[in-house]
Amino acid sequence: MPNWNELLQGKDEGLYIYDLTALKERAKVLSDSRHRIFYAVKSNSDLRVLKTLMPFVDGFEVASRGEIEKIRMMSRDIPIIFGGPVKTQEDLKYALEKGVTSFNVESLFELDELQTLSVEKDCHLSIQLRINLADIESDATLKMAGVTQFGLPEEDFIQAVELIQSSNHMQLSGFHFHAMSNNMNVSHHVSYVEAACDFVKQHQKLLPPEPVINIGGGFGIDYQQEKTFDMAHFMNLTEDSSVLTLEIGRWLTGPIGYYAAGVYDIKEMHGQNFVLLNGGTYHFRFPKAWFHEHPFLVVKRQQKRSRRKTLQQVKAVIAGKLCTPNDVFGPEYYFEDIATDDLIIFKFAGAYGREISHLEFLSHAKPKILYI
Ligand SMILES: Cc1ncc(COP(=O)(O)O)c(C=O)c1O
């Protein structure tokens, strides 16, 4: 854990800290694996994070032109898998121009475009059809399979296969399954892998000898207990399975990021305590989005202003500087001891932190990033 007082001396306005050393340590756990590791850029697309991860991963999973651009700024040829439920002609054209050849496809419209564009460009594309497996046992926070908008509808499956098979420019190289988000249960994840492998086996005759079995991400963080999914155990348990492709986001970047902001004011309004930060959910929306108690710590600091307010051994809502009652970091939090001018540091803020926040709202300053 860094020396926060030293690192954040004189800093008050909301900012992120990314620990790139810790990121390397986490990435090393994955790079020893026999599976193919892709980093899901959506979880944290900061350039220094991407650069740190590049030597450890087989490639990057992207979901937009902007993400492709970021990856291609670092490398002209590192493999990219392009996913996402709505990829327009413009998106796909851009991808092909940037040398992307691997696509997780979930729409016949997308296949039509890829067929036309691949003929025009005379290039060869590797297609993984995204399959929505409905019956995955899971107590993950979010389910991406089942009744969701993701995947190729069953009724379109045969048409999609025929379209690919009729093309000289596309190959059905395997299937893509991304079924859950923030799963902590290793055995659920292993059963899910088995279900994906079974599906692939059932469709073996459509596929090349070593098909792509892309199981996506979903490896979780227990935000309450500050633990992460036991990745080493998962890797051991899947040691004898077919080679998998993984698209990992949260597990890699979640624990290496922090969001810190100074306490501007403390007040009680009609029986409710509030701690107001020089920052807000426009910087770090995640605890509000999940409305959970996000792990945090208080860094005591010297008083800066002549007026001082404190709270001890009570609960308070943490709020930000936006003009909306929605600018709160989830439910009430318990404070042992907090005062104005102290710092609050939210841990586990490296994944879906800055990236999912409405940074433009009210035109406040964007959060700076400090790197360790
Ligand atoms: C298709 C796909 N792959 C990978 C990921 C990364 O998931 P995680 O951050 O849970 O590892 C996501 C996240 O939503 C996704 O949609």
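Rules behind the numbers
Residues numbered from 1 in each chain as written. Predicted model: local features only at pLDDT ≥ 70, side-chain atom pairs only at ≥ 80, totals over all residues. Heavy atoms only, no water. 1 Å grid on protein atoms, 1.4 Å probe; cavity = no way out; pocket = protein on both sides within 12 Å on 5 of 7 lines; lining within 4 Å. Points joined across faces, edges and corners; volume = space filled by probe spheres on them. Core = buried A, V, L, I, M, F, W, Y, C linked by side-chain atoms within 4.5 Å. Buried < 20%, exposed > 50% of the residue type's maximum accessible area, 1.4 Å probe, protein only. Helix = DSSP H or I, 4+ residues; strand = E, 2+ residues; numbered from the N terminus. Domains from an automatic or database assignment. Contact = heavy atoms within 4.5 Å. Nonpolar A, V, L, I, M, F, W, Y, C, P; charged D, E, K, R; others polar. Near = heavy atom within 4 Å. Polar contact = N/O pair within 3.5 Å; in protein donor to acceptor, adjacent residues only side chain to side chain. Areas by Shrake-Rupley, 256 points an atom, 1.4 Å probe, with all protein chains shown as cover. Salt bridge = Lys/Arg side-chain N within 4 Å of Asp/Glu carboxyl O. Axes fitted to C-alpha atoms, helices over the stretch in contact; angles between N-to-C directions. Parallel < 35°, antiparallel > 145°, perpendicular 65-115°, else oblique. Pairing = 2+ DSSP bridges. Lys, Arg positive; Asp, Glu negative; His and termini not counted. Buried area = accessible area lost by both parts, 1.4 Å probe.

**Some words on empty space enclosed by the protein**
- Taken as a whole and judged by the stated rule, the model has 1 cavity of 30 Å³ or more.
- Of the voids in this model, the largest cavity is the one considered here, and its volume is about 40 Å³.

**Some details on the nonpolar core**
- Residues Phe-103, Leu-129 and Phe-234 are the most contacted members of the largest nonpolar core, which totals 99 residues.
- Top element by residues in this core is helix H8 (residues 186–202). It accounts for 8 residues.
- Per-domain counts for this core show at least three residues from each of domain 1 (79–248) and domain 2 (255–371).
- The contact partners of Phe-234, leaving out residues within four places of it in the chain, are Val-186, His-189, Val-190, Val-193, Ile-215, Phe-219, Phe-229 and Leu-246.
- With 10 residues, the next largest nonpolar core counts Leu-8, Leu-15, Leu-343 and Ile-345 among its residues.

**Overview of the environment of Ile-345**
- With respect to the secondary-structure elements, Ile-345 resides in strand S19 (residues 343–346).
- Ile-345 sits 86 residues away from Tyr-259 along the chain, and the two C-alpha atoms are 5.6 Å apart.

**Considering the layout of surface pockets**
- The computed volume of the second largest pocket comes to approximately 260 Å³.
- In terms of lining, the second largest pocket is formed by Ile-131, Asn-132, Leu-133, Ala-134, Phe-150, Gly-151, Leu-152, Pro-153, Glu-154, Phe-157, Phe-199 and His-203.
- Among the residues making up the lining of the second largest pocket, the classes are represented as 8 nonpolar, 3 polar and 1 charged.

**With respect to the site of the ligand**
- Surrounding the ligand, one finds 14 residues, the nearest of these being Gly-218, Glu-247, Gly-249, Arg-250 and Tyr-352.
- Gly-218 is positioned such that a nitrogen or oxygen atom in its backbone is 3.0 Å from an oxygen atom of the ligand.
- Note that an oxygen atom of the ligand is positioned 2.5 Å from one of the side-chain N or O atoms of Tyr-352.
- Across the complex, the protein chains shield 92% of the 390 Å² of accessible surface that the ligand would expose by itself.

**Points about the pattern of salt bridges**
- In total, this model carries 15 salt bridges according to the counting rule given.
- Between Lys-366 and Glu-360 there is a salt bridge, with its nearest N and O atoms 3.2 Å apart.
- The network of salt bridges with shared partners includes Asp-12, Arg-301 and Lys-304.

**What to know about the packing of helix H4 (residues 65–74) against helix H5 (residues 89–97)**
- In the contact formed by H4 and H5, the axes pass within 10 Å of each other and the chain directions differ by 10 degrees. As judged from the angle between their axes, H4 and H5 are roughly parallel. Of H5, the residues touching H4 (which contributes Arg-65, Ile-68 and Glu-69) are Glu-90, Asp-91, Tyr-94 and Ala-95.
- Here the residues of the contact of H4 with H5 are counted per class, giving 3 nonpolar, no polar and 4 charged.

**Some words on the sheet that holds strand S3 (residues 59–62)**
- One closed barrel accounts for 8 strands, arranged S2-S3-S4-S5-S6-S8-S10-S13; its pairing is parallel. Within this sheet the neighbouring strands show an average axis-to-axis angle of 30 degrees, counted without direction.
- In this sheet, strand S5 (residues 102–105) lies alongside strand S4 (residues 80–82) in parallel orientation, the contact comprising 2 bridges. By the bridge assignment for S5, Ile-81 is matched with Ser-102.
- Helix-sheet contacts for H4 involve S3 and S4, and the interaxial angle to S3 is about 160 degrees.

**Some remarks on the side chain of Glu-67**
- The residue Glu-67 is located in helix H4 in this model.
- One buried charge, Glu-67, has no salt-bridge partner; the nearest side chain with opposite charge is Lys-42, at 5.7 Å.
- Setting aside its immediate chain neighbours within four residues, Glu-67 contacts Val-41, Lys-42, Glu-61 and Val-62.

**Focus on the domain arrangement of the chain**
- The domain architecture assigned to the chain consists of domain 1 (79–248) and domain 2 (255–371).
- Taking the mean C-alpha position of each, domain 1 and domain 2 sit 37 Å from one another.
- Each partner contributes residues to the interface: domain 1 has 8 residues there, and domain 2 has 9 residues.
- Overall, the association of domain 1 and domain 2 removes approximately 780 Å² of surface from exposure, summing both partners, and the carbon and sulfur fraction of that is 69%.
- It is Tyr-223, Gln-224 and Glu-226 that lose the most area in domain 1 upon contact with domain 2, and together they represent 66% of the buried surface on that side.
- Remark: the boundary between domain 1 and domain 2 carries 1 salt bridge.
- Between Glu-226 and Lys-347 there is a salt bridge whose closest N-O contact spans 2.9 Å.
- Where domain 1 meets domain 2, there are 2 residue pairs in polar contact (both at pLDDT 80 or more).
- Per-class residue counts for the side of domain 1 that touches domain 2 are 3 nonpolar, 4 polar and 1 charged.

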